[in-house]
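# Report on the structure
Okay, here's what each chain looks like letter by letter:
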Amino acid sequence: MVNRYQLLVIGLLTVAFFLVKSSSSSQIIRRFSYNIERKNVKRLCHTKQLLTVNGKYPGPTIFVHEGDNVEVKVTNRSPWNTTIHWHGVRQLRSGWADGPAYITQCPIVPGGTYTYKFTIINQRGTLWWHAHLSWQRATVYGAFIIYPRMRPYPFSSAPVEAEIPIVFGEWWNGEIEDIENDMKLYGSGPNSSDAYTINGLPGPSYPCSNKAFGVADTFIRTIEMGKTYLLRIINAALNDELFFAVANHTLTVVEIDAVYTKPFTTKAIMVTPGQTTNVLITANQVPDSTGMFVMAARPYLTSVFPFDNSTTIGFLKYRVPNAKFTKTPVKSFTLPSNLPQMEDTPFATKFAKKLRSLGSPEYPCNVPKIIDRRVITTISLNLQDCPVNQTCKGFKNKKFFASMNNQSFVRPSMSILECQYRNLSTTMFSSFPERPPHPFNYTGVDPLSENLNTEFSTRILVVPYGTRLEIVLQDTSFLNPENHPIHVHGHNFFIVGRGFGNYDVDRDPKHYNVVDPPERNTVGVPVGGWAAIRLIADNPGVWFIHCHLEEHTSWGLAMGLIVQSGQHPSQFLPPPPHDFPRC
């Protein structure tokens, strides 16, 4: 006869067996099919053909669990080459699936297919995916949600009633291809977008969007009085950092870039293109007769270049038992008083300083306290003389470019990763300079009279496997000091230091945070300042490091990182898949 103790032991062993089985990444494969195709979409009274995924704009949300194997078969039914990048996914030993064109793969040609295969290893939270060729991510993007496998969320004492993805984007009435081509042809800045969007919808502050209650052009989400919700916020905009707030409500930040943080409350957030931020919000305010609370996003302005000076609006609609609300048109709204003004750098700075890794025993902060290598790189906007017999429309009738350490990145004609893997000799690549070639007062020069002509090359930083690497990203005043969101592929990193002015190698490292710095995949380098990031180069392959303002990447604000293979077989990159695209 089995006693209670024996039943308890049997029960615990059974639970342990299923937990171990469920945690094995080899047990579950999540398969998705993406068709890249053109479809007519109407916004702001303009109908035009967009690149979409499965006919959706924005594209579908992917839901997976930590430890899952993921396979996404992409079929290109568009007239252009394309690729997909899984932004923030570490791609450990799966660099063939990372996606940036001519960095880790050749594009998927019209009519072609490629299946991206990768495993979600030790990651959970909100990420996203987007096209990574030309300006296609203007419309080809979507959320990528990773649920924890075995543990509950560590941040909420109250149960989360529901999770709400909030994806910011931009809408152009004109054709994206024409805007990008004109920018490249004339060396000018691109036309600003005509609207920002929340989940693809511009909201009632724009012409042709101020329709009646519940129309398709405005995002409205119903929530219940007294309940707590998790907003999964993604900035997929091409060229603008954004402030976000919900009228009368406090947000509790609990995660950034799929990494848990020490929770803190805030009236608003700032999120750069490429970044994600998860916040808790509780429906604990007293609604007016409409039951509606405005949520809004508008740009954080640090540039003198033309920009989209507008605000996208959505609504949280309270559901209150026994309450009857009037159906007031959505066009009757007031912007949240807690939404920062566009040039509120003090708020953006204070918000960034509050971000800290959770640093718990379950989710440790493994920041390298000692480094093997420090790279200092300037981030600059540049002017180039107009070539003979060409028309240039940049400042002073010159061409705009951008650079890192005075090197403007040129994409090669074939995949750098394949060249590196196959040991193909090429003169297209050269070493990235680890210090600025021309030291000067980086943030003190006159923006309009000083300039350094950039060099055009495909510069690569090569490091051995396991290198504890620090990269100092220094903004400059050429043309315009600006907040730059720098994204590192293939690795998370820790932001150990930030500041304004010029980085001082003797002074500033003494004030680093190496206890609980925020861990991210995209860092906003402060306007007229610097940011120091640390990472362990433990992912063999080729990785793109670039500004996530698409106009700056197009101008060359990028570099490559090669992490060499290690000594153990698990530290090598496997061969490319059989369907890997060819140039």
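Residues numbered from 1 in each chain as written. Predicted model: local features only at pLDDT ≥ 70, side-chain atom pairs only at ≥ 80, totals over all residues. Heavy atoms only, no water.

Here is the rule: UniProt positions are given in the numbering used here, feature names are shortened, and annotations may be inferred rather than shown by experiment.
An unreviewed UniProt entry lists the protein chain under the name Laccase, with Datura stramonium given as the organism. Of the comments in the UniProt record for the protein chain, the one headed Catalytic activity (unreviewed entry) reads "4 hydroquinone + O2 = 4 benzosemiquinone + 2 H2O".

### Quick notes on the state of the cysteines
The condition that has to hold: Disulfide: a pair of cysteine sulfur atoms within 2.5 Å of each other. Secondary structure elements follow DSSP: runs of H or I no shorter than four residues count as helices, runs of E no shorter than two count as strands, and numbering proceeds from the N terminus. Under the scheme applied here, a residue whose accessible area is under 20% of the maximum for its type counts as buried, over 50% as exposed, and between as partly exposed, the area being computed with a 1.4 Å probe on protein chains only.
A complete count under the given rule lists 3 disulfides for this structure. Each sulfur of the disulfide joining cysteine 106 and cysteine 583 lies 1.9 Å from the other. The sign of the S-S torsion, about -100 degrees, decides the handedness of the disulfide formed by cysteine 106 and cysteine 583: left-handed. One end of the pair, cysteine 106, is in the loop between β5 (84-87) and β6 (113-119); the other, cysteine 583, is in the segment after β32 (558-563), with 477 residues separating them in the sequence. Cysteine 583 gets classed as exposed once you look at its relative accessible area, which sits at 58%. Disulfide connectivity for the protein chain, with bonded cysteines indexed by sequence position, reads 1-3, 2-6, 4-5. Among the cysteines around cysteine 419, which has no disulfide bond, cysteine 106 carries the closest sulfur, lying 8.2 Å off.

### Brief notes about the nonpolar core
For the record, the criterion: Nonpolar cores were defined as sets of buried Ala, Val, Leu, Ile, Met, Phe, Trp, Tyr and Cys residues, with membership established by side-chain atoms within 4.5 Å. Contacts are assigned to residue pairs that have any heavy atoms within 4.5 Å of one another.
If you look at the biggest cluster of nonpolar residues, it comprises 60 residues, and the most contacted ones within it are Ile166, Phe168 and Phe244. Setting aside its immediate chain neighbours within four residues, isoleucine 166 contacts Ile198, Asn199, Phe219, Leu231, Arg232, Ile233, Ile234 and Met295. Formed by 41 residues, the second largest nonpolar core is a distinct cluster that contains Trp135, Ile179, Val375 and Ala537.

### Let's talk about helix α3 (residues 345-354)
Looking only at α3, the buried set comprises Thr345, Phe347, Ala348, Thr349, Phe351 and Ala352. Close packing links the buried residues of α3 with β13 (242-246), β14 (251-256), β15 (259-266), β16 (269-271) and β27 (493-500).

### Some thoughts on helix α2 (residues 176-186)
Three or four residues apart is the spacing at which side chains of an α-helix point the same way, because the helix has 3.6 residues per turn. For clarity, the threshold we go by: The reported arc concerns the directions from the helix axis to the C-beta atoms and nothing else.
Turning to α2, its buried residues number three or more, namely Ile176, Ile179, Glu180 and Met183. Seen end-on, α2 carries its buried residues on one side only, within an arc spanning 95 degrees. Considering only its buried residues, α2 is in contact with α5 (550-555). Within two residues after α2, glycine 187 carries a phi angle of roughly 65 degrees, on the positive side.

### Some remarks on the sheet that holds β14
Under the convention used in this document: Pairing between two strands is assigned when DSSP locates at least 2 bridges connecting them. Here an axis means a line fitted to C-alpha atoms, over the contact stretch when the element is a helix, while the angle between two N-to-C directions is reported on a 0 to 180 degree scale.
If you trace the 6 strands from one edge of the open sheet to the other, you get β10-β9-β12-β17-β14-β15, paired in mixed fashion. Strands at the two margins of the open sheet, each flanked by one partner only, are β10 (195-198) and β15. Along the sheet, successive strands turn relative to each other by an average axial angle of 25 degrees, direction set aside. Taken together, the 8 bridges between strand β9 (residues 160-171) and strand β12 (residues 228-235) define a ladder with parallel strand orientation. Its bridge partner being in β12, valine 160 is matched across the sheet by threonine 228.

### A closer look at the UniProt feature "domain: Plastocyanin-like" (unreviewed entry) in the protein chain
Within this structure's numbering, the places UniProt gives as "domain: Plastocyanin-like" (unreviewed entry) are residues 36-149, 164-319 and 432-565. Along residues 36-149 one finds 0% helix and 46% strand; the C-alpha atoms at either end are 31 Å apart. End C-alpha atoms of residues 432-565 are separated by 19 Å, and the span's content is 4% helix alongside 44% strand.

### Quick look at the side chain of serine 408
Along the chain, serine 408 turns up in strand β22 (residues 407-409). For serine 408, a relative accessible area of 1% puts it in the buried group.

### Considering the packing of aromatic side chains
Defined as follows: Pairing of aromatic rings covers Phe, Tyr and Trp, the last counted by its six-membered ring, and requires centre-to-centre distances within 6.5 Å; plane angles under 30 degrees mean stacked, over 60 mean edge-to-face, and any other angle means tilted.
What the rule picks out here adds up to 30 aromatic pairs. Centre to centre, the rings of tyrosine 34 and tryptophan 129 are 4.9 Å apart; their planes meet at 55 degrees, and the pair counts as tilted. Pair noted here: tyrosine 34 is in strand β1 (residues 29-43) and tryptophan 129 is in strand β7 (residues 125-131), with a separation of 95 residues, a long-range link. The pair formed by tyrosine 34 and tryptophan 129 is uniform in burial state, with each residue classed as buried.

### Re a positive patch on the surface
Rules: Patch construction takes residues with relative accessible area above 30% that form no salt bridge. Like charges are linked within 9 Å, and nonpolar side chains (Val, Leu, Ile, Met, Phe, Trp, Tyr) are linked within 5 Å. Throughout, the Shrake-Rupley method with a 1.4 Å probe supplies accessible areas, and for residues the shown protein chains are the sole cover considered. For salt bridges, the criterion is a side-chain nitrogen of Lys or Arg within 4 Å of an Asp or Glu carboxyl oxygen. None of His or the chain ends enter the tally, which takes Lys and Arg as positive and Asp and Glu as negative. We put the charge of a Lys on NZ, of an Arg on CZ, of an Asp on CG and of a Glu on CD.
Taken together, the side chains of Lys267, Lys350, Lys353, Lys354 and Arg498 define a basic patch exposed on the protein surface. In terms of residue count, α3 provides more of the positive patch than any other element does, 3 residues in total. Relative to the helices and strands, lysine 353 is located in helix α3. According to the relative accessible area criterion, lysine 353 is exposed, its value standing at 58%.

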